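Structural overview
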Amino acid sequence: MITCSAPGKVYLFGEHAVVYGQSAICCAIDLRTRVQAEEHDSIVIESVLGTTGLDQEVHPYVSRVIEKMKAFGNIRGVRIHIDSELPVGSGLGSSAAVTVASIQALNQLYSCGLQLEEVASMGHIIEREVQGNASPTDTYVSTMGGVVMIPERRRLNGLECSIIVGNTGKFSSTRELVANVAKLRQEFPDIIDPILNNIGRMSHLAEEHVNRYDYETMGKLMNVNQGLLDAIGVGGAELSELVYAARDAGAISAKITGAGGGGCMVALASKQDAGKIASAIRNKGAEAILTSNTQEGVRLEP
Ligand SMILES: Nc1ncnc2c1ncn2[C@@H]1O[C@H](COP(=O)(O)OP(=O)(O)OP(=O)(O)O)[C@@H](O)[C@H]1O
Ligand SMILES: C[C@@](O)(CCO)CC(=O)[O-]
Ligand SMILES: [Mg+2]
């Protein structure tokens, strides 16, 4: 039996805009999805969502992984078991982590010889198929770890501050949110395109501040990014409540992470202030998770 794990992520900048080729800065976090794989007499996929065979409804990502990996290994029957520290459908890249960890588990189990770049690239193809339209960001960061600028694939210095995630507990489908932005963009291209361009410019402006650990400047720009995410319709009352609670409790910055609608927000804070911010989020009745940046992408577990 083989076990592989891959991390989730938060966006410092650029979700949605990156789908249209703008730059984003994305940060792998120390919450992981673990996938066990072993040869079996049939195909079985077990997760918190249920136990199925190949099933495009319940397990669209993992089913596609198995189908695509058949081109690289002699996969007849396999049992895949998934455990995740990432809330499902919440903006922390649960779909990318489960996809990347599953690809790598089969890659190892069947000695397929795929390199990390190929794992990331297959992950992106699968996200695109299931999500309708997807950037390579989540799957690349889950594969490589660290803090990465996409589409440049430039690795930036890691974050050393605390990362606090607030989960509204409201499921959000990335596929749906991406489609909503596409529709708004089609309706008002002259308004929406400049907003997406400005988000991309913000990532470029922020890059040197990330590399210099200048959290104050990064934070100011992240808060502006939050306003622009609201403008393109991916905010929500529950998210805003947590964003303002975190800022009022002393967060350096607070914004949506990932697709939005529901799901999670992310706040940056000094290690000293992190507990206070988590309490402020919990006082609003939401789950708060304290985490940090990880340099480790997908890996084989002992
Ligand atoms: N633990 C898991 N086991 C099986 N499938 C999972 C698991 N976690 C996520 N998934 C798959 O990913 C889907 C959610 O992906 P989606 O892209 O909508 O949200 P996300 O990846 O959590 O958020 P974002 O894309 O905004 O970061 C689930 O519906 C399921 O198909
Ligand atoms: C909303 C989005 O930008 C981020 C989802 O985590 C979609 C994508 O990049 O594929
Ligand atoms: Mg996703």
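Residues numbered from 1 in each chain as written. Chains lettered and ligands numbered in written order. Predicted model: local features only at pLDDT ≥ 70, side-chain atom pairs only at ≥ 80, totals over all residues. Heavy atoms only, no water.

If you check an unreviewed UniProt entry, the chain appears there as Mevalonate kinase from Methanolobus zinderi. Listed in UniProt under the heading Function (unreviewed entry), the comment for the chain reads: "Catalyzes the phosphorylation of (R)-mevalonate (MVA) to (R)-mevalonate 5-phosphate (MVAP). Functions in the mevalonate (MVA) pathway leading to isopentenyl diphosphate (IPP), a key precursor for the biosynthesis of isoprenoid compounds such as archaeal membrane lipids." Recorded in UniProt for the chain, the comment headed Subunit (unreviewed entry) runs: "Homodimer." (UniProt positions renumbered as here; feature names shortened; annotations may be inferred.)

1. Regarding the site of ligand 1
In the neighbourhood of ligand 1, 22 residues make up the surrounding shell, with Lys9, Gly93, Ser94, Ser95 and Thr174 lying closest. Between ligand 1 and lysine 9 there is a distance of 2.7 Å, counted from an oxygen atom to a side-chain nitrogen or oxygen. One nitrogen or oxygen atom from the side chain of serine 94 is found 2.7 Å from an oxygen atom belonging to ligand 1. About the coverage of ligand 1: the protein hides 92% of its 640 Å² of free accessible area. (Near = heavy atom within 4 Å. Polar contact = N/O pair within 3.5 Å; in protein donor to acceptor, adjacent residues only side chain to side chain. Areas by Shrake-Rupley, 256 points an atom, 1.4 Å probe, with all protein chains shown as cover.)

2. Notes on the side chain of glutamate 207
Take glutamate 207: it is sitting in helix 6 (residues 189-211). According to the relative accessible area criterion, glutamate 207 is buried, its value standing at 14%. Each residue touching glutamate 207, except ones within four places of it in the same chain, is listed here: Ile25, Met149, Arg154 and Leu156. (Helix = DSSP H or I, 4+ residues; strand = E, 2+ residues; numbered from the N terminus. Buried < 20%, exposed > 50% of the residue type's maximum accessible area, 1.4 Å probe, protein only. Contact = heavy atoms within 4.5 Å.)

3. What about helix 8 (residues 237-248)?
The terminal C-alpha atoms of helix 8, which comprises twelve residues, lie 16 Å apart, in line with the 16 Å expected from a rise of 1.5 Å per residue. Of all the residues in helix 8, the buried ones are Leu239, Ser240, Leu242, Val243, Ala245 and Ala246. Tucked inside the fold, the buried residues of helix 8 contact strand 8 (162-167), helix 7 (215-231), strand 9 (253-256), strand 10 (264-269) and helix 9 (274-283). Immediately beyond the C-terminal end of helix 8, within one or two residues, lies glycine 250, with a positive phi of roughly 105 degrees. (Expected span 1.5 Å × (residues − 1).)

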